[in-house]
Each structure stands twice: as structure tokens, then as C-alpha cells.
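Examination of the molecular architecture
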Amino acid sequence: MATVHLRIGDLVWGKLGRYPPWPGKIVSPPKDLKKPRGKKCFFVKFFGTEDHAWIKVEQLKPYHPHKEEMIKINKGKRFQQAVDAVEEFLKKGKGKDQSTESKGRKAPAKPMKIIEEDDEDPFKGGSSDKPASSIEPISKRLKIIEEDTGSTSIQAADSTALNGSITPTDKRIGFLGLGLMGSGVVSNLLKMGHVVTVWNRTAEKCDLFIQEGARLGRTPAEVVSMCDITFSCVSDPKAARDLVLGPSGVLQGIRPGKCYVEMSTIDPETVAELSQVITSRGGRFLEAPVSGSQQLSNEGMLVILAAGDRSVYEDCSSCFQAMGKTSFFLGEVGNAARMMLILNMVQGSYMATIAEGLTLAQATGQSQQTFLDILCQGQMASSFVDQKCQNILQGNFKPDYYLKHIQKDLRLAISMGDSVNHPTPMAAAANEVYKRAKALDQSDNDMSAVYRAYIH
């Protein structure tokens with residue numbers, strides 16, 4: 001079998017899915033982490049992150065010969081930080097090598113063979129930057145908090161999509177809906193080695209994921225029938241209901257034991273209805289809406305709120321680790337929908353208030369940039385505030401979370417408040433501002449475009 005001129009410790013540029021080439025180092029994987037079947041690849045730790053992943057040989061390039069080329073084609077703060085981390089690593093390594101040479105103890109690294117499926121794994125017994133004991137299912141890494149109500153809240157350990165690699169489930173995964181959130185989720189599932197079948201109402205959106213190794217389902221029913229666990233992430237309650245109950249819908253593919261995970265942000269009544277029809281066919285149901293944005297979805301840093309069948313939650317452990325940094329199990333069906341609407345109600349109201357402050361600063365002759373600088377030095381400082389204000393000041397409203405969706409969430413939260421006779425005056429006021437922004441054709445822009453409702 002042929003060998004390649006790569007070895008453990010080599011610096012490389014690794015291309016992972018849709019992401020640009022990124023600097024990394026070839027390392028040994030944990031003992032219990034198997035190489036993807038049938039692939040010629042190396043285990044790479046990426047600089048500037050805590051990511052580890054198996055990367056195909058054809059997606060790897062030596063670091064030094066391609067450094068200038070990669071720096072020219074890649075931009076961004078995180079990329080520059082990663083390159084800086086490599087340079088710092090090289091400086092430290094040079095000093096260490098000189099010290100080691102002076103003691104006569106430096107040994108040459110051994111070439112690494114590309115491993116085939118039936119070959120003995122040359123990584124076996126090697127060390128890793130991350131202990132193998134830290135790579136385990138969510139169900140074994142949970143902090144459980146018993147509440148007075150008798151319900152259980154479960155917080156998972158940090159995302160392994162961020163902090164390391166994972167052992168993907170051997171269950172077949174389906175995913176319905178490749179919008180802003182769903183696209184990032186599917187990318188991370190594939191990145192971490194899951195077998196994924198995808199479907200989207202606009203079929204062209206599937207093409208990129210097929211190129212990355214996903215399989216294509218022709219209808220939601222076909223995806224569910226082919227897969228053990230099927231996730232869905234669509235825009236609103238009507239879309240979620242149509243996906244399940246419509247022609248060639250999910251319900252037609254449900255069989256006893258099939259798992260269905262609803263990740264859309266919808267109202268608790270719709271969630272309860274979907275749970276009932278899925279379980280009536282012998283299926284297993286979990287709701288798992290996600291808190292975050294397109295950027296956080298791409299980075300595998302979502303917060304997952306789950307409720308329903310606890311065993312499905314545990315079966316989804318590697319999937320949730322791939323897509324999120326934290327997951328909570330909130331008990332019975334409907335609880336996750338309620339919590340998600342409350343969170344988005346707060347976020348939407350806050351965004352409207354920030355926009356109001358920026359426009360009032362301008363109207364009174366104050367510098368908007370200075371307002372932002374002061375805000376980001378105080379108690380309300382956050383990456384959310386900084387990013388959204390920068391969007392506004394730059395006039396960049398490329399969607400990270402659609403304005404029409406946050407307005408939908410506000411509307412559903414207000415309705416939920418009505419159902420329990422609880423006042424939501426702040427959310428109601430914010431909702432009116434978003435409705436004004438929608439009337440100004442801002443629906444498909446980022447939620448920060450609510451700013452335009454104050455200036456028109």
C-alpha cells in the first residue's frame with residue numbers, strides 16, 4: 001500500500017465540508033474513536049478552535065508551501081487568530097526543539113500510512129490532545145438538577161463540535177428543512193461522521209449536502225421510512241403541521257419505533273398535536289427547538305431545549321453534541337416550546353429596544369458609534385449587542401435570524417401569555433415595531449433590520 005508524506009505532528013491546511021481551508025495539526029485520535037469506514041484520512045486538530053475531525057487525504061495540504069495562498073483567499077478575524085496561533089506554536093516549538101537537540105534527545109517522526117478499512121489502525125495506542133474519557137455520550141456527561149416541581153432539567157457538557165470530536169451514532173439520521181438553522185445543523189452532523197439523509201421543499205438546497213456525503217430523500221415520508229431518527233426544522237406552525245400531515249408527509253413514513261424530533265420554534269399546542277399523531281402510529285416523539293442564529297448553527301454552538309420521550313433524547317446524544325454546546329431536557333411535551341418562546345420574546349424585545357436607543361441617539365445629536373462603545377463597556381455588553389449594532393451601523397442586514405421569524409415568535413409568545421391571562425406589554429409593543437418593519441419589506445432581512453421601522 002502507498003504511503004504519503006504526512007505524519008503525526010505535521011501542520012496542514014484542512015478543508016472540512018463547506019468551511020474554508022483551516023490550519024491544523026495531525027494528531028493521534030482517542031483510542032476508542034474509529035476511523036470513518038472506507039476513507040483515507042488523518043485525524044486533525046484545528047488551530048484557533050477546539051475542533052478535531054477526520055479529514056480526507058485529498059482535503060489536506062502541507063502548511064508552509066500553501067501558507068501565502070491560503071492567507072490570500074481567506075479573510076476574517078477568526079481565521080487570522082488561527083494563523084496567529086500556528087505562528088505562536090511554531091515559535092514555541094522552535095525553542096523546544098533547540099533545547100531538545102542540545103540534550104541529544106530529538107527523534108525523527110515516523111511516516112504515517114494512509115489506513116484502509118481493513119488495515120490495522122496505525123493510530124491505535126497513540127496519545128491525543130484530548131483524553132478519550134472525555135468523549136462519551138451526553139447521557140453519561142449530564143448534570144441533573146431536580147426541581148421542586150418534580151421535573152428534571154438536564155444540562156449537557158460543552159459541545160464536542162467545539163471542544164473535540166465525537167463518536168457518531170450508528171443510527172440513520174434524517175433531516176427535513178435546510179434553512180438558515182437547518183443547513184448549519186446538517187453540516188455539523190456530516191462533519192462529525194453521521195449518516196444523514198436530507199429533504200427540502202426547494203430541492204436545489206440539497207445539492208451541496210449531497211456533495212458533502214448526505215443522501216437524498218424524495219419526500220418526507222421516504223426520509224422517515226429510511227431513517228431511525230428524523231429531525232425537522234421549518235419556519236412556523238403551519239409548515240411543521242403540513243410536513244407531518246400533508247401529502248407524502250412524515251406520518252406516512254412513521255412505523256413503530258421510528259423517532260421524530262421537531263426542532264422548529266412553534267407553539268405548544270402544535271407540538272402536542274404532532275406528538276399525538278406520531279405516537280398514535282407507534283412512533284417516538286421529541287421536541288428540540290434550538291436557541292441561536294445562523295452563525296451559531298454553523299459553529300455547532302446552538303443551545304438545545306428538549307422535551308418529550310427521554311429515551312429519544314438519549315438516542316440523539318451524538319447529534320446534539322455535533323450541533324450544540326449545551327442541551328436541556330425539560331420534561332413533558334410542550335415545555336421546550338414554551339421555554340423557547342419566552343427566550344425569543346426577550347431577545348426580540350431587547351433587539352427592538354437597542355434599535356430604539358440607536359435612533360434616539362441619532363435624533364438627539366449623539367454619536368451612534370459612541371453609544372455602542374459605551375454600551376459594550378457596561379453590564380449589558382454581549383456579543384449579541386455588538387454584532388447587531390455593528391450590522392445596523394454598517395447597513396448590513398444579511399439574515400442571521402429572519403425578522404419575520406422573530407416577529408412570529410413574539411406573536412406566539414403573546415398568545416401564550418393570553419392563554420394563561422399573563423400580561424406581556426413589552427412584547428406587545430415590540431411586536432408592533434416588527435410589524436412596521438415587515439410593512440417596510442424587511443421580513444427576509446436580519447432581525448436587526450427592525451431599526452428601519454424607527455427611521456421611516
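These numbers come from a predicted model, not from an experiment. Each chain carries its own residue numbering, running from 1 in the direction its sequence is written. Two thresholds apply to this predicted model, a pLDDT of at least 70 for residue-level local features and 80 or more for giving and counting side-chain atom pairs, whereas whole-chain, interface and lining totals are computed over all residues. Only hydrogens and water are removed before side-chain values are computed, so all heavy atoms of the structure are retained for them.

**Some remarks on the overall build of the protein chain**
Selection criterion: Segments assigned H or I by DSSP are reported as helices when at least four residues long, segments assigned E as strands when at least two residues long, and all are numbered from the N terminus. A simple rule labels every residue: compare its accessible area, found with a 1.4 Å probe on the protein chains alone, to the largest value its type can have, and call it buried under 20%, exposed over 50%, or partly exposed in between. Contacts: residue pairs with any heavy atoms within 4.5 Å of one another.
Helix and strand counts for the protein chain stand at 18 helices and 16 strands. The 456 residues of the protein chain split such that 48% are buried. Contacts in the protein chain between residues at least 24 apart in sequence constitute 66% of all its contacts with a sequence separation of at least 6.

**Some points on the pairing of strand β3 (residues 41-46)**
The test is simple: Paired strands, in this sense, are two strands between which DSSP finds at least two bridges.
The element β3 is extensively covered by neighbouring structure, given that six of its six residues are classed as buried. In textbook terms, the turn of a hairpin is the stretch between consecutive antiparallel strands, and for β3 and strand β4 (residues 52-56) this stretch comprises five residues, one of which, glycine 48, has a positive phi near 80°.

**Points about the pattern of salt bridges**
Basically, it comes down to this: Any Lys or Arg side-chain nitrogen located within 4 Å of an Asp or Glu carboxyl oxygen qualifies as a salt bridge.
Taken as a whole and assessed by the stated rule, the structure comprises 13 salt bridges. Across the pair glutamate 222 and arginine 218 runs a salt bridge whose closest N-O atoms are separated by 2.6 Å. Each member of the salt-bridge network shares a partner with another, and the members are Arg284, Asp309 and Asp315.

**Points about the sheet that holds β4**
Rules: Lines are fitted to the C-alpha atoms to define the axes, a helix being fitted only along its stretch in contact, and any angle between axes, read from their N-to-C directions, falls within 0 to 180 degrees.
Overall, antiparallel pairing links the five strands, which are arranged β4-β3-β2-β1-β5 in an open sheet. Two strands close off the open sheet at either side, each with one partner strand: β4 and β5 (60-62). Recorded for the sheet is a direction-independent mean angle of 45° between the axes of neighbouring strands. Where β3 and β4 come together, five bridges link them in antiparallel fashion. Bridge pairing in β4 places lysine 45 opposite histidine 52.

**Concerning the environment of proline 247**
Its place among the elements puts proline 247 in the loop between α7 (237-245) and α8 (250-253). Looking at proline 247, the relative accessible area reads 79%, which means it is exposed.

**Details of the side chain of threonine 169**
Operational definition: Pairs of N or O atoms within 3.5 Å make up the polar contacts considered here, provided that, within protein, one atom can donate a hydrogen while the other can accept it, and that residues adjacent in sequence are counted only when both atoms are side-chain atoms.
In this fold, threonine 169 is placed in the loop between α3 (160-163) and β8 (173-176). Among the residues examined, threonine 169 registers a relative accessible area of 17% and is labelled buried. A distance of 3.1 Å separates a polar side-chain atom of threonine 169 from the backbone nitrogen of lysine 171. Residue contacts for threonine 169: discarding those within four places in its chain leaves His194, Ser318 and Cys319.

**As for the nonpolar core**
Test applied: Among the buried residues, those of types Ala, Val, Leu, Ile, Met, Phe, Trp, Tyr and Cys that are joined through side-chain atoms within 4.5 Å form a nonpolar core.
Within the largest apolar cluster, 35 residues are counted, with the highest numbers of intra-cluster contacts made by Phe175 and Phe231. Ignoring sequence-local partners within four residues, the contact set of phenylalanine 231 consists of Ile173, Gly174, Phe175, Leu176, Val261, Met263, Cys316, Cys319, Phe320 and Met323. In this structure, Met351, Tyr401, Ile414 and Tyr451 belong to the second largest nonpolar core, which totals 32 residues.

**Re helix α15 (residues 383-394)**
Where we set the bar: One less than the residue count of a helix, multiplied by 1.5 Å, gives the span that helix is expected to have. By construction, the arc corresponds to the directions joining the helix axis to the C-beta atoms.
An ideal rise of 1.5 Å per residue puts 16 Å on 12 residues; α15 measures up with 16 Å between its terminal C-alpha atoms. Where α15 is concerned, the buried positions are Phe384, Val385, Lys388, Cys389, Asn391 and Ile392. Within α15, the buried residues cover an arc of 150° as seen down the axis, which keeps them to one side. When the buried face of α15 is taken as reference, the exposed residues oriented beyond 90 degrees from it are Ser383 and Gln394.

**A word on unusual backbone geometry**
Here serine 248, not a glycine, exhibits a phi torsion of approximately 55°, which is positive. The topology assignment puts serine 248 in the loop between α7 and α8.

**As for the packing of helix α13 (residues 335-363) against helix α16 (residues 403-419)**
Basically, it comes down to this: These descriptions rest on fixed angle ranges, namely under 35 degrees for roughly parallel, over 145 for roughly antiparallel, 65 to 115 for roughly perpendicular, and the rest for oblique. If you view the pair so one helix is near and one far, a crossing is left-handed when the near helix is turned anticlockwise from the far one by less than a right angle, and right-handed when it is turned clockwise. Polarity classes work like this: nonpolar for Ala, Val, Leu, Ile, Met, Phe, Trp, Tyr, Cys and Pro, charged for Asp, Glu, Lys and Arg, and polar for all others, with Gly in that last group.
Where α13 meets α16, the closest approach of the two axes is 8 Å, and the angle between their N-to-C directions is 120°. Looking at the two axes, α13 sits oblique to α16. Considering how the two elements wind past one another, α13 and α16 form a crossing that is left-handed. On α16, the residues that touch Arg338, Leu341, Ile342, Asn344, Met345, Gln347, Gly348 and Ser349 of α13 are Ile406, Asp409, Leu410, Leu412, Ala413 and Met416. When the residues that make up the contact of α13 with α16 are grouped by side-chain class, the tally is eight nonpolar, four polar and two charged.

**Digging into the state of the cysteines**
The test is simple: By convention in this document, the label disulfide applies to cysteine sulfur atom pairs within 2.5 Å.
According to the stated counting rule, one finds zero disulfides in the structure shown. Not part of a disulfide, cysteine 376 finds its nearest cysteine sulfur in cysteine 389, a span of 6.4 Å. In this structure cysteine 376 comes out as partly exposed when scored by relative accessible area, which is 22%.

**Points about the confidence of the model for the protein chain**
How we decide: Every residue is assigned a pLDDT by the predictor, reflecting its confidence on a scale from 0 to 100.
Averaged over all residues, the pLDDT of the protein chain equals 83, while 81% of them reach at least 70. pLDDT under 50 marks residues 97-164. Its contacts with residues more than four places away, or in other chains, come to 149 contacts.

**A word on the packing of aromatic side chains**
Defined as follows: Between the rings of Phe, Tyr and Trp (Trp by its six-membered ring), a pair exists once the centres lie within 6.5 Å; its type follows the angle of the planes, with under 30 degrees stacked, over 60 edge-to-face, and the other angles tilted. Only when the NZ of Lys or the CZ of Arg is both within 6 Å of the ring centre and within 35 degrees of the ring normal is a charge said to sit over the ring.
The tally for this structure, following the rule as stated, stands at 11 aromatic pairs. Each ring, one from tyrosine 350 and one from phenylalanine 384, has its centre 6.2 Å from the other, and the planes form 25°; the classification is stacked. With a gap of 34 residues between them, tyrosine 350 in helix α13 and phenylalanine 384 in helix α15 connect regions that are remote in the sequence. Given the relative accessible area of 28%, tyrosine 350 is considered partly exposed. Taken together, the ring pairs connect Phe175, Phe231, Tyr313, Phe320 and Phe329 into an aromatic cluster. Sitting over the ring of phenylalanine 329, arginine 310 keeps its end group 5.3 Å from the ring centre. The positively charged end of lysine 404 is found above the aromatic ring belonging to tyrosine 402, 5.1 Å away from the centroid.

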